[in-house]
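Results of the structural survey
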Amino acid sequence: MAEQLIEALSMEWNPEEFHDTFQERVAALIEAKRAGKTVEKAEPAAKATGAVDLMEALRASVERARSPKATGGKAAGPGVIAEKKPGAKKRIRSTPPTDGNGG
């Protein structure tokens with residue numbers, strides 16, 4: 001399945017399809033300066049969107065899972081499966097339910 005996914009997402013590498021736009025813009029700015037044109041400053045970077053750093057969130061989650069304080073006991077090592085706690089016991093009636101017909 002992994003090979004199929006990789007194959008579906010791969011493409012032929014054609015370097016002519018790609019170019020360095022940053023380098024092109026810098027070269028254009030240099031040429032404009034040489035020609036004596038005024039170069040305006042770029043717009044300031046966009047404000048932070050409050051997006052979550054997923055790697056940092058994952059690290060914090062793993063650390064919490066490893067921490068003995070978070071679980072109230074000893075932290076489980078890798079590959080250790082925690083035992084399941086028994087669920088609530090079912091009530092057992094001492095007399096069977098009646099069906100309304102006297103029996």
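Structural notes, computed from the coordinates. (Residues numbered from 1 in each chain as written. Predicted model: local features only at pLDDT ≥ 70, side-chain atom pairs only at ≥ 80, totals over all residues. Heavy atoms only, no water.)

The next subject is the overall build of the protein. On a plain count of helices and strands, the protein comes out with four helices and zero strands. Written out in order from the N terminus, the α and β elements of the protein read α-α-α-α. Accessible surface, the protein as shown: approximately 11200 Å² in total, 58% of it carbon and sulfur. (Helix = DSSP H or I, 4+ residues; strand = E, 2+ residues; numbered from the N terminus. Areas by Shrake-Rupley, 256 points an atom, 1.4 Å probe, with all protein chains shown as cover.)

It is worth spelling out the pattern of salt bridges at this point. Counted by the stated rule, this structure contains three salt bridges. Glu63 is the salt-bridge partner of Arg66, the closest N and O atoms lying 3.9 Å from each other. One end of the pair is Arg66 and the other is Glu63, both in helix 3 (residues 54-66) and three residues apart, which spans about a single turn. According to the relative accessible area criterion, Arg66 is exposed, its value standing at 55%. (Salt bridge = Lys/Arg side-chain N within 4 Å of Asp/Glu carboxyl O. Buried < 20%, exposed > 50% of the residue type's maximum accessible area, 1.4 Å probe, protein only.)

Here helix 2 (residues 21-34) contains 14 residues, and its C-alpha end-to-end distance of 20 Å stays within 8% of the 20 Å for a straight helix at 1.5 Å per residue. Here helix 2 starts with a cap whose side-chain oxygen sits 3.2 Å from the backbone nitrogen of Phe22, and that cap is Asp20. The positive-phi residue at the C-terminal boundary of helix 2 is Gly36, with phi of around 85°. (Expected span 1.5 Å × (residues − 1). Polar contact = N/O pair within 3.5 Å; in protein donor to acceptor, adjacent residues only side chain to side chain.)

This part is about the packing of aromatic side chains. We describe a pair of aromatic rings using the distance from one ring centre to the other and the angle between the two ring planes. A full pass over the atoms with the stated rule returns one aromatic pair. Ring centres of Trp13 and Phe18 lie 5.1 Å apart, and the angle between their planes is 15°; on these two criteria the pair is classed as stacked. (Phe/Tyr/Trp six-rings, centres within 6.5 Å; stacked < 30°, edge-to-face > 60°.)

Another point: a nonpolar patch on the surface. Among the surface-exposed residues, Met11, Trp13 and Phe18 lie close enough to one another that they form a single nonpolar patch of about 410 Å² accessible area. If you trace the backbone, Met11 turns up in the loop between helix 1 (2-9) and helix 2. (Patch = residues over 30% accessible without salt bridge, like charges linked within 9 Å, V, L, I, M, F, W, Y side chains within 5 Å.)

Moving on to the environment of Arg34. Following the sequence through the fold, Arg34 ends up in helix 2. Among the polar contacts made by the side chain of Arg34, one reaches the side chain of Glu31 at a distance of 3.0 Å.

In short, shape yes, function no, at least from these values alone.
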